[in-house]
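Residues per chain, in single letters:
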Amino acid sequence: MDWLNLIVIPVIRSLVLIVVLLTGFAYLTWYERKLLARFHVRIGPNRAGPKGLLQPVADAVKAIFKEEIVPGHVDKVVYLMAPALALIPALIIWAVIPIGKGFPAVADVPIGFLWILAVAGIESYGIILAGWSSNNNYSLLGALRSSAQMISYEIPLSLFLVSILLLAGDFSLVNLVEAPRAWWEWLWLWAMFPLFFICILAETNRSPFDLPETENELVAGFQTEYGGIKFALFFMAEYINMITTSAIMATLFFGGYALPFGIGSEILPILGPFILAAKIIVLLFLFIWVRASLGRPRYDQLMRFTWKTLLPISLAYMIITALLAVFFK
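All figures in this text were calculated on a predicted structure; none of them were measured in a lab. (Residues numbered from 1 in each chain as written. Predicted model: local features only at pLDDT ≥ 70, side-chain atom pairs only at ≥ 80, totals over all residues. Heavy atoms only, no water.)

Visitor: For the overall build of the protein, give the residues involved together with the corresponding values.
Guide: The secondary structure content of the protein amounts to 12 helices and two strands. Across the protein, helices and strands are ordered from the amino to the carboxyl terminus as α-α-α-β-β-α-α-α-α-α-α-α-α-α. Sorting the 329 residues of the protein into buried and exposed places 47% on the buried side. Within the protein, contacts between residues at least 6 apart in sequence are counted, and of these 80% link residues at least 24 apart. (Helix = DSSP H or I, 4+ residues; strand = E, 2+ residues; numbered from the N terminus. Buried < 20%, exposed > 50% of the residue type's maximum accessible area, 1.4 Å probe, protein only. Contact = heavy atoms within 4.5 Å.)

Written as structure tokens, this is what we have:
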């Protein structure tokens, strides 16, 4: 039965997870549009289905049947590969995220932290190649902005992750959720969360850090030459990245699938996925709240903030965390 545990069950879990993520992406667009409408004191989508619940379906049908145009000046092979390269990392990073007690998304591997760091860096390749292969100056500028932004913010993000690793003492995300933490560890982690969230906003190209695709400067940035289902894949990658990073933040900072203080973890383990989903929805609200509230900075301000502010803070935080781990763990 080894083949069943090693191949069949992980494949089934992967397919179910992909379906759930694609459905989640579709209704995250509805969730965002409804919330933004509330923030802006307007109605939002309300025509397709009751309360606009079928709007994601209408958008999907429109994207699928929209005319496909491939400009003659693009590098066709790379141009067609780029949307997939942007989307795949957002999906496969879920392989190590635990969604319930004794129930990892796909597999419980002892290098979950390393997997997240390795896969997160791949997404930038899809965006860079999209801008380069489009053979369009606006697209190339958007791709260069995105690559510089992602690489810059990945450095403090990685240092923050190393700090969490120093406290956890384990590369496994399952052990991170299951292992008890002292009260000061929770407070120290939560002190880091706002800065970590800023890095995540930049990593996912979310407002106010959506400079790689600013309409008033670059038309649409790296995706200027994309339309129809190919544009939808980039759109899908951004929103699934929001869900994925929310799941990572929920796991690292808020106990993942567990209730506070371990309440009900033994009695009702089946609630784990629903608890994690609730935390993800709350964190997604933060993404949308920031978009509705803050204006976009200049690009030089964005880059200066990471190198002159976030990087020194993340280094200091890591050093202090190492000292705390040595003297108090």
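What follows picks up the thread again.
Visitor: Can you lay out the pattern of salt bridges for me, pointing to particular residues and giving the numbers?
Guide: When their charged atoms lie close together, side chains carrying opposite charge are able to pair. Per the stated rule, a full pass over the model turns up six salt bridges. Between Arg206 and Glu32 there is a salt bridge, and its shortest N-O distance comes to 2.5 Å. Taken together, the residues span a long stretch of sequence, with Arg206 in the loop between helix H8 (183-203) and helix H9 (215-218) and Glu32 in helix H1 (residues 2-39) at a distance of 174 residues. The two residues Arg206 and Glu32 agree in class, both being buried. Notably, a salt bridge pairs Arg206 with Glu238, separated by 3.3 Å at the nearest N-O pair. (Salt bridge = Lys/Arg side-chain N within 4 Å of Asp/Glu carboxyl O.)

Visitor: Could you give an account of the packing of H8 against helix H10 (residues 228-253), with specific residues and numbers?
Guide: A pair of packed helices can be characterised by two numbers: the angle between their axes and the separation between those axes. Between H8 and H10, the shortest axis-to-axis distance is 10 Å and the interhelical angle comes to 165°. Here H8 lies roughly antiparallel to H10, going by the angle between them. H10 is crossed by H8, and the crossing has right-handed handedness. Between H8 and H10, the contacting residues are Trp186, Leu189, Trp190, Met192, Phe193, Phe196, Phe197 and Ile200 on the first element and Thr245, Met249, Leu252 and Phe253 on the second. Of the residues belonging to the contact of H8 with H10, the class tally is 11 nonpolar, one polar and no charged. (Axes fitted to C-alpha atoms, helices over the stretch in contact; angles between N-to-C directions. Parallel < 35°, antiparallel > 145°, perpendicular 65-115°, else oblique. Left-handed = near helix turned anticlockwise from the far one by under 90°. Nonpolar A, V, L, I, M, F, W, Y, C, P; charged D, E, K, R; others polar.)

Visitor: I'd like a description of the side chain of Thr245, backed by residues and values.
Guide: Following the sequence through the fold, Thr245 ends up in helix H10. Thr245 gets classed as buried once you look at its relative accessible area, which sits at 10%. One polar contact links the side chain of Thr245 to the main-chain carbonyl oxygen of Met242, over a distance of 3.1 Å. Other than its neighbours up to four places away in sequence, Thr245 contacts Ile200, Thr204 and Phe287. (Polar contact = N/O pair within 3.5 Å; in protein donor to acceptor, adjacent residues only side chain to side chain.)

Visitor: Requested: an account of the environment of Phe328, with residues and values cited.
Guide: With respect to the element layout, Phe328 can be found in helix H12 (residues 299-328). Under the relative-accessibility criterion, Phe328 is labelled exposed at 56%. As a C-alpha pair, Phe328 and Trp184 span 144 residues in sequence and 9.7 Å in three-dimensional space.

Don't take any of this as a statement about function, it's just geometry.
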